Amino acid sequence: MGKKEKSNRKTAGKILIIAGSFIILFVIAINLIDIVKSSIAIDDFKKHKSQINVERIDDNGNVISKDDQAKESGEINVVAPKEGETLCLLRITKIDLEEAVNEGSTKGVLSSALGHVENTALPGDNGNCCIAGHRNYVFGKYFNRLEEITPGDVIELETMDSLYTYEVDSIEVVEPEEISVLDYKDGKNLTLITCTPFMVGTHRLIVHATMK
């Protein structure tokens, strides 16, 4: 092997190392941007909630939202959430999780938040409230530790006017095509969905919970 060929190989090796480093930095930067967006969504939600004037509290000390008051008076004016709008905060103390849940399950929504699956029940409503999320492998965010959940664990959904508490009933792993997990269920149910196994994602990890 001549000196020129050896030199070319060394140069090619350096280029590959530099290119690989740039790719790694790019992935970290993209993930960091998504995490910042998530933190901003959480902070904005809490700030907005703190500014809401509480008009009425029921006998159990729960805040009655303006929509609920309108329903009681017969003046129903429920506005459906828009895609990308922050619907609530999801909190699982066991795995140190607090994330914003935005409306929708598109790629754009799930890049920087958990997503409420369209046409499923809203938090606290009858039916099946389905929330999907990715696993952020770089920073360990979103549903990264969801596989640590076990039956009996508590999941909280905090909306602008209420705090809903669910208890985990069961966990299962299904094929990606198994969309029956989104089906309507009697009662007030919550279903969490993410990819599994870790960093492979050939299947879906499903967590089922019921309101306490």
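Described in the following lines is the structure provided in the data block. (Residues numbered from 1 in each chain as written. Predicted model: local features only at pLDDT ≥ 70, side-chain atom pairs only at ≥ 80, totals over all residues. Heavy atoms only, no water.)

1. Considering the overall build of the chain
A count of helical and extended segments in the chain gives three helices and 10 strands. Across the chain, the fraction of contacts at a sequence separation of at least 24, relative to all contacts at a separation of at least 6, is 56%. (Helix = DSSP H or I, 4+ residues; strand = E, 2+ residues; numbered from the N terminus. Contact = heavy atoms within 4.5 Å.)

2. Concerning the environment of Ser38
Mapped onto the secondary structure, Ser38 falls in helix α1 (residues 3-50). For the pair Ser38 and Leu114, spaced 76 residues apart in sequence, the C-alpha separation works out to 9.0 Å. When residues no more than four places from it in sequence are discounted, the contact partners of Ser38 are Glu99, Ser112 and Tyr142.

3. What to know about the pattern of salt bridges
According to the stated counting rule, one finds eight salt bridges in the structure shown. Between Lys46 and Glu98 there is a salt bridge whose closest N-O contact spans 3.1 Å. One end of the pair, Lys46, is in helix α1; the other, Glu98, is in strand β2 (residues 97-103), with 52 residues separating them in the sequence. According to the relative accessible area criterion, Glu98 is partly exposed, its value standing at 23%. For the salt bridge of Glu98 with Arg91, the shortest nitrogen-to-oxygen distance reads 3.0 Å. Residue Arg91 is classed as buried on the basis of its relative accessible area, which comes to 18%. (Salt bridge = Lys/Arg side-chain N within 4 Å of Asp/Glu carboxyl O. Buried < 20%, exposed > 50% of the residue type's maximum accessible area, 1.4 Å probe, protein only.)

4. Quick word on the pairing of strand β4 (residues 127-132)
Burial within β4 is extensive, with six of its six residues counted as buried. Pairing of strand β3 (residues 114-116) with β4 involves two bridges; the strand directions are antiparallel. Considered in β4, the bridge of Gly115 is made with Ala132. (Pairing = 2+ DSSP bridges.)

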